[in-house]
Amino acid sequence: MRAITAASHLLVAAGVLALAANASAAEIKVFISGGFSAAYDTLVPAFERATGHKVVTERGPSMGETPQAIPNRLARGESADVVIMVGYALDKLIKKDLVVANSRADLAWSPIAMAVKSGAPKPDISTVDAFRRALLAAKSIAYSDSASGEYLSTTLFRRICVYDEIKDKARKIPAEPVAKVVARGEAEIGFQPVSELRPYKGADIVGPIPDELQIVNVFAAGIARSAKQPEAAKSLIAFLVSPAAKPAIKASGMLFADEKR
């Protein structure tokens, strides 16, 4: 943790503080989905200490029908300074002029992984055939209502020809980490990006789904059209995309945006 904090302060000395020195401390409101949250939660305190800005965080999925979903909040007229979510969902907000187009910055990406309840046997998912067998054998399956779950339920399950066999035992989890559902024993297996599974106790990560089936969903940041503190928002995004953010990003199970496979 000390190494991450020190690196963050080096970044600030090089650039972010110069920006902050010319402006009074601001309150930056951030809407963020789960995928980047673990790294973000590590990095924000260092940013606040270095700049004097205060970051107010509100969380919700990148998509979906729940009131907490970030697109729904912005569409209702709620204001934010920075939006952090899966990249292709952010692009939709840009097209709707809810996020400033030239503010978009790629942050990191995380592979989709499987989790089971702590102590439960971990099925083999090392190959496509083994992964398919694990899905068919599972008594219950959970997936998120955000980008990874959308991909699994609308594309992947059909692609490997298990959709009809598992549709009655697979369910979408709205506005809650899948790992919590698995930890309670309400689903035998669950899927979400590894960075969203890792923070929660009571669930063990089996591993990423096979490379042939993996999808790279980049998490990105942008400045909301409704931003009240756009300059401070720029400094936060600059901090999150800097090399100093890499240790926290890697520790969360994600890869830096420029390391896409």
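**Q** Help me out: how do you make sense of the sheet that holds strand E10 (residues 218-223) in this one?
**A** Across a sheet, paired strands are connected by hydrogen bonds in the backbone, their directions being either parallel or antiparallel. The strand order across the open sheet built from 6 strands is E2-E1-E3-E10-E4-E11, with neighbouring strands paired in mixed fashion. Edge positions in the sheet fall to strand E2 (54-59) and strand E11 (255-256), since each has one partner strand and no second. Across 6 bridges, the pairing between strand E1 (residues 27-32) and E2 is parallel. Looking at E2, one finds that Ile-28 is bridged to Val-55. Packed onto the sheet, helix H2 (residues 37-51) meets E1, E2 and strand E3 (82-86) and runs at close to 160° relative to E2.

**Q** Got a minute to help me understand the layout of surface pockets in this structure?
**A** In this approach a probe as big as a water molecule rolls over the atoms, and the regions it shows empty are the leftover space. What the largest pocket holds in volume is close to 510 Å³. Lining the largest pocket are 33 residues, with Ser-33, Gly-34, Pro-177, Gln-192 and Glu-196 sitting closest to its centre. For the lining of the largest pocket, the elements supplying multiple residues, two or more each, are H2, helix H6 (147-159), strand E8 (189-193) and helix H9 (194-197). By residue class, the composition of the lining of the largest pocket is 14 nonpolar, 14 polar and 5 charged.

**Q** Honestly, the pattern of salt bridges in this entry has me stumped. Any pointers?
**A** Two side chains with opposite charge may pair up if their charged atoms get near one another. Evaluation of the coordinates by the stated rule reveals 12 salt bridges. Linking Asp-41 and Arg-59 is a salt bridge whose minimum nitrogen-to-oxygen distance equals 2.8 Å. One end of the pair, Asp-41, is in helix H2; the other, Arg-59, is in strand E2, and 18 residues separate them in sequence. Its salt-bridge partner being Arg-184, residue Glu-186 comes within 2.8 Å of it at the nearest N-O pair. Judged by relative accessible area, which is 38%, Glu-186 ranks as partly exposed. Look at Arg-184 and you get partly exposed, because its relative accessible area is 42%.

**Q** Teacher, can you tell me more about the nonpolar core here?
**A** If you look at soluble globular proteins, the nonpolar side chains tend to sit buried side by side. Grouped together as the largest cluster of nonpolar side chains are 48 residues, with contacts concentrated most on Val-30, Phe-36, Tyr-40, Val-82, Val-83, Ile-84 and Leu-240. Sequence-distant contacts of Val-30, defined by excluding residues within four places in its chain, comprise Tyr-40, Val-55, Val-56, Thr-57, Glu-58, Val-82, Ile-84 and Leu-236. Residues Ile-125, Ala-138, Ile-141 and Phe-157 belong to the second largest nonpolar core, which totals 22 residues.

**Q** In this structure, what is going on with unusual backbone geometry? I would like to understand it.
**A** Here the phi dihedral of Asp-97 falls at roughly 65°; this positive angle occurs in a residue that is not glycine. On the accessibility criterion, Asp-97 (43% relative accessible area) is partly exposed. Non-glycine residue Cys-161 carries a positive phi angle of around 60°. Within the fold, Cys-161 resides in the loop between H6 and helix H7 (163-166). Of the residues examined, Cys-161 reaches a relative accessible area of 52% and is grouped as exposed.

**Q** So what exactly am I meant to see when it comes to the sheet that holds E8 here?
**A** The 5 strands are arranged E7-E6-E8-E5-E9 in an open sheet whose pairing can be described as mixed. Looking at the sheet topology across the chains shown, the edges are occupied by strand E7 (170-173) and strand E9 (203-208). Averaged over neighbouring strand pairs, the angle between their axes works out to 30° when direction is ignored. Across the sheet, helix H5 (residues 128-137) touches strand E5 (112-117), strand E6 (141-144) and E8, and the angle it forms with E8 is around 130°. Across the sheet, H6 is in contact with E5, E6 and E8; its angle to E6 comes to roughly 120°.

Rules of the game
- Residues numbered from 1 in each chain as written.
- Predicted model: local features only at pLDDT ≥ 70, side-chain atom pairs only at ≥ 80, totals over all residues.
- Heavy atoms only, no water.
- Pairing = 2+ DSSP bridges.
- Helix = DSSP H or I, 4+ residues; strand = E, 2+ residues; numbered from the N terminus.
- Contact = heavy atoms within 4.5 Å.
- Axes fitted to C-alpha atoms, helices over the stretch in contact; angles between N-to-C directions.
- 1 Å grid on protein atoms, 1.4 Å probe; cavity = no way out; pocket = protein on both sides within 12 Å on 5 of 7 lines; lining within 4 Å.
- Points joined across faces, edges and corners; volume = space filled by probe spheres on them.
- Nonpolar A, V, L, I, M, F, W, Y, C, P; charged D, E, K, R; others polar.
- Salt bridge = Lys/Arg side-chain N within 4 Å of Asp/Glu carboxyl O.
- Buried < 20%, exposed > 50% of the residue type's maximum accessible area, 1.4 Å probe, protein only.
- Core = buried A, V, L, I, M, F, W, Y, C linked by side-chain atoms within 4.5 Å.

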